[in-house]
Amino acid sequence: DQQVKQNSPSLSVQEGRISILNCDYTNSMFDYFLWYKKYPAEGPTFLISISSIKDKNEDGRFTVFLNKSAKHLSLHIVPSQPGDSAVYFCAASRNTGNQFYFGTGTSLTVIP
Amino acid sequence: EPEVTQTPSHQVTQMGQEVILRCVPISNHLYFYWYRQILGQKVEFLVSFYNNEISEKSEIFDDQFSVERPDGSNFTLKIRSTKLEDSAMYFCARIDSYTDTQYFGPGTRLTVL
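Worth saying up front: this structure is predicted, and the values here are computed from it rather than measured. (Residues numbered from 1 in each chain as written. Chains lettered and ligands numbered in written order. Predicted model: local features only at pLDDT ≥ 70, side-chain atom pairs only at ≥ 80, totals over all residues. Heavy atoms only, no water.)

Draft legend 1. Structural context of the interface of chain A and chain B. Listed per partner, the contact involves 21 residues of chain A and 18 residues of chain B. For the pair chain A and chain B, the number of links is one salt bridge. Taken together, the connections running from chain A to chain B amount to four residue pairs in polar contact (both at pLDDT 80 or more). It is strand E4 (residues 32–38) of chain A that provides the largest number of residues to the side of chain A that touches chain B, a total of four residues. Broken down by class, the residue content of the side of chain A that touches chain B amounts to nine nonpolar, eight polar and four charged. (Contact = heavy atoms within 4.5 Å. Salt bridge = Lys/Arg side-chain N within 4 Å of Asp/Glu carboxyl O. Polar contact = N/O pair within 3.5 Å; in protein donor to acceptor, adjacent residues only side chain to side chain. Helix = DSSP H or I, 4+ residues; strand = E, 2+ residues; numbered from the N terminus. Nonpolar A, V, L, I, M, F, W, Y, C, P; charged D, E, K, R; others polar.)

In structure tokens:
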């Protein structure tokens, strides 16, 4: 039951360059999407969200893009910093208060 | 400052034993979730709990699992008879009703031997 997929298990980027993390979903009922960052031995930390009425949301160095027709979202980190090295999860839900479905995560390594 | 704290941080138990994992909200929230993450796998939803009742649960949340709010503040996840495959990180999360964002606790690592 892989309703949310992150097909790249890992990504390496040079410091200062752009990191692009991708996420695909299959359920057209999903209308709210989030990106989480996770360090080892810690809980996921909320980064940025987007609702289905928008196609872009920006917060500092982080921008999330949503392409509803393609059922695809991406997280852009510009410029990437070594402290951004972590596992990034995308998650989706159908509406308020419902469970979130998580992708399998992408491990980002930012090389100094 | 964490939104949610969890105890214990690490629990080791023998197969067949009961374990209770605790989630302590910083402030008085009504809507809580439990998730688990088996090592190397994705974060999986277990159950949501609203106003002292189960709101939604996944197929993982079978009869060996239960949730309650025994003292009006802490939320607990009980696993009645643990199996080896229950070994995982268990995360509690609360939701911000204004932003619909879930905030996760640091997790409890459960190891079943």
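What follows picks up the thread again.
Draft legend 2. Expanded view of the sheet that holds strand E3 (residues 19–25) of chain B. All names here are of chain B. Taking strand neighbours across the sheet as the criterion, the four strands line up as E1-E3-E8-E7 in an open arrangement whose pairing is antiparallel. A single partner strand is all that each edge strand has here, and the edge strands are strand E1 (4–7) and strand E7 (65–68). Adjacent strand axes in the sheet meet at a mean angle of 20° when their direction is disregarded. Inspection of the sheet shows E7 paired to strand E8 (residues 75–79) by four bridges, in the antiparallel sense. Paired with Ser66 across the strands is Lys78, a residue of E8. (Pairing = 2+ DSSP bridges. Axes fitted to C-alpha atoms, helices over the stretch in contact; angles between N-to-C directions.)

Draft legend 3. Fine view of the sheet that holds strand E3 (residues 19–25) of chain A. All names here are of chain A. If you walk across this open sheet you meet the five strands as E1-E3-E8-E7-E6, and the pairing is antiparallel. One side of each edge strand has no neighbouring strand; the edge strands of this open sheet are strand E1 (4–5) and strand E6 (56–59). Sheet analysis places E6 next to strand E7 (residues 62–67), joined by four bridges and oriented antiparallel. Looking at E7, one finds that Asn57 is bridged to Val64.

Draft legend 4. Representation of unusual backbone geometry. Residues and elements named next belong to chain A. With omega at -10°, the peptide bond leading from Val78 into Pro79 counts as cis. Mapped onto the secondary structure, Pro79 falls in the loop between strand E8 (72–77) and strand E9 (86–93). Here the phi dihedral of Lys71 falls at roughly 50°; this positive angle occurs in a residue that is not glycine. Residue Lys71 is classed as partly exposed on the basis of its relative accessible area, which comes to 25%. (Buried < 20%, exposed > 50% of the residue type's maximum accessible area, 1.4 Å probe, protein only.)

Draft legend 5. Local environment of the pattern of salt bridges. Scanning the entire structure with this criterion turns up three salt bridges over all chains. Arg61 of chain A is paired through a salt bridge with Asp84 of chain A; the nearest N and O atoms lie 2.8 Å apart. With Arg61 of chain A in the loop between E6 and E7 and Asp84 of chain A in the loop between E8 and E9, this pair connects stretches of sequence that are 23 residues apart. Here Asp84 of chain A falls in the buried class, since its relative accessible area comes to 2%. Among the salt bridges present, the one from Glu56 of chain B reaches Arg94 of chain A, with a minimum N-O distance of 3.4 Å. Here the residue Glu56 of chain B occupies a position in strand E6 (residues 53–57), and Arg94 of chain A occupies one in the loop between E9 and strand E10 (101–102), the pair thus bridging two chains. Residue Glu56 of chain B is classed as buried on the basis of its relative accessible area, which comes to 15%.

Draft legend 6. Fine view of the pairing of strand E11 (residues 106–111) of chain A. All names here are of chain A. In E11, alternate side chains face the same way, and those of Thr106, Leu108 and Val110 are buried while those of Ser107, Thr109 and Ile111 on the opposite face are not. Summarising the sheet, strand E2 (residues 10–14) and E11 pair through five bridges and their orientation is parallel. Bridged to Gln14 within E11 is Ile111. In the sheet, E9 pairs with E11 via three bridges, with the strands oriented antiparallel. Its bridge partner being in E11, Val87 is matched across the sheet by Ser107.

Draft legend 7. Representation of the nonpolar core in the model. Residues Val4, Phe33, Trp35, Leu73, Leu75 and Tyr88 of chain A are the most contacted members of the largest nonpolar core, which totals 24 residues. Contributions of two or more residues to this core are made by E3, E4, strand E5 (45–51), E7, E8, E9 and E11 of chain A. Among the elements that line this core, the one with the most residues is E9 of chain A, at four residues. Those residues in contact with Leu73 of chain A, other than ones at most four positions away along the chain, are Leu21, Asn22, Cys23, Tyr25, Phe33, Trp35, Val64, Phe65 and Leu66 of chain A. Counting 22 residues, the second largest nonpolar core, distinct from the first, contains Leu46, Phe75, Leu77 and Cys92 of chain B. (Core = buried A, V, L, I, M, F, W, Y, C linked by side-chain atoms within 4.5 Å.)

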